[in-house]
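# Examining the three-dimensional arrangement
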Amino acid sequence: MSEASEGLSYECVRCSAKVATEELKLRGGGIKCTFCGYRILRKVRPPVIKRVSAE
Ligand SMILES: [Zn+2]
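Conventions used here
- Residues numbered from 1 in each chain as written.
- Predicted model: local features only at pLDDT ≥ 70, side-chain atom pairs only at ≥ 80, totals over all residues.
- Heavy atoms only, no water.
- Salt bridge = Lys/Arg side-chain N within 4 Å of Asp/Glu carboxyl O.
- Helix = DSSP H or I, 4+ residues; strand = E, 2+ residues; numbered from the N terminus.
- Buried < 20%, exposed > 50% of the residue type's maximum accessible area, 1.4 Å probe, protein only.
- Core = buried A, V, L, I, M, F, W, Y, C linked by side-chain atoms within 4.5 Å.
- Contact = heavy atoms within 4.5 Å.
- Donors = N, O, S within 2.8 Å, 3.2 Å for Na, K, Ca; no water.
- Tetrahedral: all angles 85-135°; square planar, octahedral: opposite > 155°, others 65-115°.
- Pairing = 2+ DSSP bridges.
- Axes fitted to C-alpha atoms, helices over the stretch in contact; angles between N-to-C directions.

Following the criterion strictly, the structure yields two salt bridges and no others. Residue Glu11 pairs with Arg42 through a salt bridge whose shortest N-O separation is 2.9 Å. Of the two residues, Glu11 is situated in strand 1 (residues 9-12) and Arg42 in strand 3 (residues 41-44); the sequence distance between them amounts to 31 residues. Residue Glu11 is classed as buried on the basis of its relative accessible area of 16%. In this structure, Lys25 and Glu22 form a salt bridge, with 3.7 Å as the shortest nitrogen-oxygen distance. Remark: Glu22 and Lys25 occur in helix 1 (residues 21-26); sequence separation between them is three residues, near one turn of the helix. You can call Lys25 partly exposed: its relative accessible area is 47%.

Okay, the nonpolar core next. Core analysis: the biggest nonpolar cluster contains seven residues, these being Tyr10, Cys12, Ala17, Val19, Leu24, Cys33 and Leu41. With residues near it in sequence (within four places) discarded, Val19 still touches Ser9, Tyr10, Leu24, Lys32, Cys33 and Thr34.

Moving on to the coordination of the zinc ion. Six octahedral donors around a metal ideally sit at 90 or 180 degrees from one another, while four tetrahedral donors ideally sit at 109.5 degrees. Ligation of the zinc ion by protein atoms is provided by Cys12 (SG), Cys15 (SG), Cys33 (SG) and Cys36 (SG), these donors lying 2.3 Å from the ion. Here the zinc ion binds four donor atoms, and the angle range of 107 to 115 degrees at the metal identifies the geometry as tetrahedral. Under the relative-accessibility criterion, Cys15 is labelled partly exposed at 35%.

Position of Arg39 relative to the elements: it lies in the loop between helix 1 and strand 3. Sequence separation between Arg39 and Val13 is 26 residues, and the spatial gap between their C-alpha atoms is 8.9 Å.

With antiparallel pairing, the three strands of this open sheet are ordered in space as 2-1-3. Both edges of this open sheet fall to strand 2 (18-20) and strand 3, since each of them pairs with a single strand only. Across this sheet, the average inter-strand angle for adjacent strands is 35 degrees, counted without regard to direction. Relative to strand 2, strand 1 runs antiparallel, the two being bridged by three bridges. Residue pairing across strands places Tyr10 opposite Val19, the latter belonging to strand 2.

Shown next as structure tokens:
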């Protein structure tokens, strides 16, 4: 069950930088902008890619 974290990223409300969840994990798991150090980030989801299945 790794769906929840994969593809999810955060956006800093201060500098609008995109911070990937993976990067936060590498830095200890804390929520913090990797660019400016601001601690308020909002979750952003990548655009949903609709798959057309023939099945
Ligand atoms: Zn920032």
